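Understanding the architecture of this molecule
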Amino acid sequence: MNQPAASPLIELRGLTKTYGVGDAAFQALKGIDLTIQAGEFVAIMGPSGSGKSTLMNVLGCLDTPTAGSYHYQGIAVEALNTNERSLLRRYALGFVFQGFNLLARTSSLDNVELPLLYRGVSRQDRLAKAVAALTSVGLPTKLRSTPAELSGGQQQRVAIARANVTEPSTLFADEPTGNLDSVTTGDVMELLTRLNLDRGITVLVVTHDDHVATFARRTVLIKDGLIESDVVRP
Amino acid sequence: MIWNALAIALREIGRNLTRAFLTVLGIFIGVAAIITMVTLGQGATLAVKAQISNLGNNLLTLRPGAGFGSRTASAGVPHFTEKDATIISEQIAGIAAAAPVRTASLSTIYLQNARLSAITGTTPVYFQINKWNLAEGRFFSEVDLRSGAAVCVIGNTVRTELFGSDNPVGVKIRIGKAACEVIGLLVPKGQAGMGDQDDTIIMPLSALQRRLIGKNSEHDINQISISAQDGVDGTALITEITSLMRQRRNLQPNQDNNFNIFDTRQIAETLGATTQLMTMLLAAVAGVSLLVGGIGIMNIMLVSVTERTREIGIRLAIGATAREVLLQFLVEAVTLSCVGGLAGIVLAFGLCAGLAKIIQVPFNFNLQINVIAFLFSAAVGVLFGYTPARRAARLNPIDALRHE
Ligand SMILES: Nc1ncnc2c1ncn2[C@@H]1O[C@H](COP(=O)(O)OP(=O)(O)OP(=O)(O)O)[C@@H](O)[C@H]1O
Ligand SMILES: [Mg+2]
């Protein structure tokens, strides 16, 4: 077997996450071991309340695990401070939420430009990249529209443009199609597939939808905070 | 990084103009109120002080009777003599001048205009003691006093009522039963909370006694105006005058004073303290309005805190550091506070200039209160604008995003 030279993109060992303290404590993740290589397209499935979002948030550095280890490209994430985790998100990670989470009263262009602004990209480059990203998600005519003026599918495409405009190494999408109809769902998943294939971005998608899972080559099933199965399609 | 924060903050302000406007409004009203009230209050204090100093510096007034204002106590009490005034000025050190004053109320007539005027018969030093200045003509002199010349100097109210705006100097008017030449017109002093000081006719004591009312007793002097030299202790002076007068009026140790000494400095200090108190009160009221403005800002911030917390969550999620987010919020708060503060200063300047004219007090731009109000408003804005952000930026991004 050929051993990968570099460390895996994501490596979890005995990861747990407990919400609350004392009697109110609830263990949402009970010891997850998971390895994901760069360039994979992984679907994470499981019943409601099984801990999928919790896992995604920990992986995306939006939340901190209670115990266990998390290495991202060989970096021990649990050893990073708040500031360093921000920088990891800024330079390596992209996130797409079920609820879009776009800035209100802010144009698509400004929303997509924002991560570049924090990266210190020049004004001209920002504009060019943001326009390109919005064009690639099929919204070249909605540059000036605010979220309130966009449909759910369009808002989600703006969110995807915002997540990939920085060309992250990993894109996390937590039920990106949860609020969308089947046609729009197809559009969004196609976009994610293209990012995975054309740009080599690793994509992790949480979903309830079996159809969505067919876009992924690997499906991880979670139940009660533990991995129940991990299947790679041939 | 600071430019980045500034750019982001300005964009964010631009996107939420209503919120920005309400925040600015709170600061704006508070600053304008505090500056206007304090400035006008100080103007009023200055005006009162100026009018009091018009009364005469270091002015003591000796009157018959046990106390100020008690008319019954002065009934039957002997008045003073001219000699009393001379002896006071000669025997007591620290006195600049003392003028005997005989007052009378007589009809004054010029052509068809007639009125009842307060006539003061006195000596020339009276003008210096009471700080009268000439607008026209001259004061009467020692020569006029000795000869009992029928001349008088009139106040502005008398001039207006008898002559309108004409120059009265050199004109003869009728006072009581005698004709009297106007030789001088006094610069107006205005109201000083003690009646119209400009309603006065001042003439040589000798002329008043001989020509108008007749001298029927040595004790015909109603009061003695005394000015102390600069830097002399008024209380010690009053004690000295009191013991001198007790002796001259043959009072036994068991008898009360049948005269009193009235010290304008005390009045000045009291009035000054009162207006200062008023200014402080106004400042307190204005401070409350700034606080109310601050609470208004806090309300706006609290109402928008959910939205803003989510905004912070989004910014953190896409890679902003907590420091950058806080800097943005700080810049936003400072910008809005400064805009509101500066607008408040401009409005206060206009208000002060206008109102000072209307209520007739001097307007002095008070840099100190402007700076204080501005800094205070900035502090209020920053405190209320920044504190909610600080809490949010400490959260995990996911908790900020989930905020309800
Ligand atoms: N902030 C929190 N505080 C306390 N408990 C939480 C919190 N977030 C999640 N949980 C609990 O952790 C468990 C896992 O939640 P999670 O959101 O990861 O589920 P999920 O698999 O994403 O479910 P769904 O498919 O409905 O989105 C749930 O039982 C939930 O009640
Ligand atoms: Mg979930």
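Above this text is the structure in question.
Residues numbered from 1 in each chain as written. Chains lettered and ligands numbered in written order. Predicted model: local features only at pLDDT ≥ 70, side-chain atom pairs only at ≥ 80, totals over all residues. Heavy atoms only, no water.

**Remarks on the side chain of Arg126 of chain A**
Our working rule: Starting at the N terminus, helices and strands are each numbered in turn, a helix being any DSSP run of H or I of at least four residues and a strand any DSSP run of E of at least two. Relative accessibility thresholds used throughout: buried, under 20% of the residue-type maximum; exposed, over 50%; partly exposed, between the two (1.4 Å probe, protein chains only). Only heavy atoms enter the contact rule, under which two residues are in contact if any of them lie within 4.5 Å.
Its location among the elements puts Arg126 of chain A in helix α4 (residues 123-136). Look at Arg126 of chain A and you get buried, because its relative accessible area is 9%. Apart from residues lying up to four places away in sequence, Arg126 of chain A is in contact with Glu113, Leu116, Leu117 and Val121 of chain A together with Arg11 of chain B.

**Comments concerning the environment of Val187 of chain B**
All names here are of chain B. Among the secondary structure elements, Val187 is positioned in the loop between β7 (178-186) and β8 (201-204). Given the relative accessible area of 33%, Val187 is considered partly exposed. Beyond its immediate stretch of four places on either side in the chain, Val187 contacts Trp132, Asn133, Leu134, Ala135 and Asp198.

**Quick notes on the packing of helix α4 (residues 82-91) of chain B against helix α9 (residues 234-248) of chain B**
Residue and element names in this part refer to chain B. Heads up, the condition is: Axis angles are defined between N-to-C directions and span 0 to 180 degrees, where every axis is a line fitted to C-alpha atoms and, for a helix, only to the segment in contact. For classification purposes, an angle smaller than 35 degrees is called roughly parallel, one larger than 145 roughly antiparallel, one from 65 to 115 roughly perpendicular, and anything else oblique. Put simply, a crossing is left-handed when the front helix is turned counterclockwise from the back one by less than a right angle, and right-handed when it is turned clockwise. Gly is put with the polar residues, along with every residue not named as nonpolar or charged; the nonpolar set is Ala, Val, Leu, Ile, Met, Phe, Trp, Tyr, Cys and Pro, and the charged set is Asp, Glu, Lys and Arg.
For the pair α4 and α9, interaxial distance at closest approach is 11 Å and the crossing angle is 140 degrees. Comparing the axis directions of α4 and α9 gives the class oblique. Regarding α4 and α9, the two cross each other, and that crossing is right-handed. Between α4 and α9, the residues in contact are Lys83, Asp84, Ile87, Ile88 and Gln91 and Ile241, Leu244, Met245 and Arg248, respectively. Its residues assigned to classes, the contact of α4 with α9 shows five nonpolar, one polar and three charged.

**Considering the pattern of salt bridges**
Residues and elements named next belong to chain A. Spelled out, the test is: Within this document, salt bridges are pairs made up of a side-chain nitrogen of Lys or Arg and a carboxyl oxygen of Asp or Glu, the two lying within 4 Å of each other.
All chains considered together, the criterion is met by 24 salt bridges over all chains. Between Glu40 and Arg218 there is a salt bridge, and its shortest N-O distance comes to 3.1 Å. Note that Glu40 is positioned in the loop between β2 (26-36) and β3 (41-45) and Arg218 in strand β9 (residues 218-223), a separation of 178 residues in sequence. Accessibility classification places Glu40 together with Arg218 in one group, the buried group.

**Description of α4 of chain B**
Taken as a whole, α4 of chain B has its buried residues at Asp84, Ala85, Ile87 and Ile88 of chain B. Looking at the buried positions of α4 of chain B, the neighbouring elements they touch are β1 (59-64), β2 (95-110), β9 (223-228) and α9 of chain B.

**A closer look at unusual backbone geometry**
Positive phi values are uncommon outside glycine, yet Asn101 of chain A reaches one of about 55 degrees. Structurally, Asn101 of chain A is set in the loop between β6 (93-96) and α3 (108-119). Within the chain, Leu111 of chain B stands out as a residue other than glycine whose phi angle is a positive 50 degrees. Within the fold, Leu111 of chain B resides in the loop between β2 and β3 (113-122).

**Some points on the interface of chain A and chain B**
Note the cut-off: Summed over both partners, the accessible area (1.4 Å probe) lost when two parts come together is defined as the buried area. Any pair of nitrogen or oxygen atoms within 3.5 Å is treated as a polar contact; in protein, a donor-acceptor pairing is required on top of that, and neighbouring residues in sequence qualify only through side-chain atoms on both sides.
Counting from both sides, the interface comprises 27 residues of chain A and, opposite them, 24 residues of chain B. Summed over both sides, the interface between chain A and chain B buries roughly 2400 Å², with carbon and sulfur atoms accounting for 51% of that surface. Among the residues chain A hides against chain B, the three largest losses belong to Leu62, Arg105 and Tyr118 of chain A. Together they make up 27% of the total. Our enumeration of links across chain A and chain B arrives at five salt bridges. Between Glu307 of chain B and Arg105 of chain A there is a salt bridge whose closest N-O contact spans 2.7 Å. Where chain A touches chain B, the interface holds 15 residue pairs in polar contact (both at pLDDT 80 or more). The set of elements that each furnish at least two residues to the side of chain A that touches chain B consists of α2 (82-92) and α3 of chain A. Among the residues making up the side of chain A that touches chain B, the classes are represented as twelve nonpolar, six polar and nine charged.

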